[in-house]
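Take a look at the letters that make up each chain.
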Amino acid sequence: MSILADVAPGLRGMPTGLPRVVPIDRKLFPDGLRTSGQHPPIDSQLRPFEEFPREIIGPTVWKPQEMIDHPEKWIHRWTEEELGELLQAVENFIASGEPLVHINKTNFRVPRFEPQLRIIRDDILNGRGFMVFRGIPMDKWGRHKAAVATMGLSVHLGYLLSQNKLGLILGHVTNQGADYNKDLHFIKISATNAPQFYHTDETDIVGLLFCNPGETGGASGCASAHTVWNELVKERPDVAKLLASPIWYVDRKGEVTPGQEPWFKNPIFFMEPGGKERVYCKWDPYFVKSLKRFSDQGLIPPLSEEQLEAMDVLEATCQKNGLVYNCEIGDIQFVSCCQTFHSRTGFTDPPPPLPPRYLLRTWIGTPEQEGGWCLPFHDSFYPKRGGIQVDNTPPMAEPLVTAGGTS
């Protein structure tokens, strides 16, 4: 039975395989909010390819050379005054003794910077789709204070989401030596040093704090999904149509709540069913390639030759239109997963005793009623929409010790 079927039996058209409603335990979720999790879309709210725009215009459409020529558009360099206010907010929160999972925009205040932060939030959500904050002195602040700052900025953009079955709202992105070639069905590429192809995360906005660089590689990439869409429609409309079709199975990689299937199915490109009717993207090739164990059993169809080609064309088009750049220690990068693909080149870690490449990650939900995109999912209005939630696993945040394993 679906979530809404429990509370409104007369509703129709909801996707199957949704977990049942479970009352929220305030001891586990003190704010009364639980990450919604991964869900299939509502079929009746999906739009056919014929209704998609043939050309998207506006601030969400950009080419990499524009960003190279104008770094001031997407790099915000902290002023001394802003850093002072940010550090004061960090120290005030730490002094309060509140657990890190309780951080919110009421107990983490940066009043002089908040008007600017609201403008940046709008640009991330409705414009270019990414921003890099530069200048946190990691050598002076240390990882813990920088992590509090990252989470504090994140809660002014939206709601912190669980990122895996352990409930981490502060994820660790570092090479943990996992062999994704052997165990792709449960390994996440963020726990390896392999390249991450252009993709989106299971969230509205992803935040990344750069703590330590690799010895080589590890460059970030961003590409406008709307620029990519325009080119696909012009050059390969057959591929665009396939990518806009609800035929793509996505692996949950074992992060399943009872009542859910081990996969869900959706398009790669959607249209908002209401609101501004913008084109929305949802894609990670590593969560599609890993499904072979199910197709071998005949539980789902294998990827067709047309789908395999479409995946290659999508990646090539992203690379052609992607901005690749190196982040610095102390950078905090925020990327919208609604209209922006992001990537990472493969990397090598420096030899000991130098620390390995290390990033800390937040996932941020932006519900529809608070300026987020209108999505064809039942949780479009949920504050903590998206993310990954298994059972009643409570949120956890540990900035200093690698947590979460490889899956």
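Residues numbered from 1 in each chain as written. Predicted model: local features only at pLDDT ≥ 70, side-chain atom pairs only at ≥ 80, totals over all residues. Heavy atoms only, no water.

As recorded in an unreviewed UniProt entry, the protein goes by the name TauD/TfdA-like domain-containing protein, listed as coming from Diatrype stigma.

Section: the overall build of the protein
Of the regular secondary structure elements, the protein holds eleven helices and 17 strands. Each principal axis of the C-alpha distribution contributes one length, and for the protein these read about 55 × 50 × 45 Å. Scored against the burial criterion, the 407 residues of the protein give a buried share of 56%. Taking contacts inside the protein between residues at least 6 apart in sequence as the whole, the part at least 24 apart equals 80%. When the accessible surface of the protein is summed, it comes to about 17200 Å², and 55% of that surface belongs to carbon and sulfur atoms. Separation between the mean location of the 41 positive side-chain charges and that of the 49 negative ones in the protein comes to 3 Å. (Helix = DSSP H or I, 4+ residues; strand = E, 2+ residues; numbered from the N terminus. Buried < 20%, exposed > 50% of the residue type's maximum accessible area, 1.4 Å probe, protein only. Contact = heavy atoms within 4.5 Å. Areas by Shrake-Rupley, 256 points an atom, 1.4 Å probe, with all protein chains shown as cover. Lys, Arg positive; Asp, Glu negative; His and termini not counted. Charge placed at Lys NZ, Arg CZ, Asp CG, Glu CD.)

Digging into the pattern of salt bridges
Summed over all chains, the structure comprises 19 salt bridges. Where Arg47 meets Glu277, a salt bridge forms, and the shortest distance between an N and an O atom there is 3.3 Å. One end of the pair, Arg47, is in the loop between helix H1 (3-7) and helix H2 (64-69); the other, Glu277, is in the loop between strand S11 (269-271) and strand S12 (279-281), and 230 residues separate them in sequence. The closest approach of N and O atoms between Glu50 and Lys241, which form a salt bridge, is 3.5 Å. Note that Glu50 is positioned in the loop between H1 and H2 and Lys241 in helix H8 (residues 237-243), a separation of 191 residues in sequence. Within this structure, Arg47, Glu51 and Glu277 form a network of salt bridges that share partners. (Salt bridge = Lys/Arg side-chain N within 4 Å of Asp/Glu carboxyl O.)

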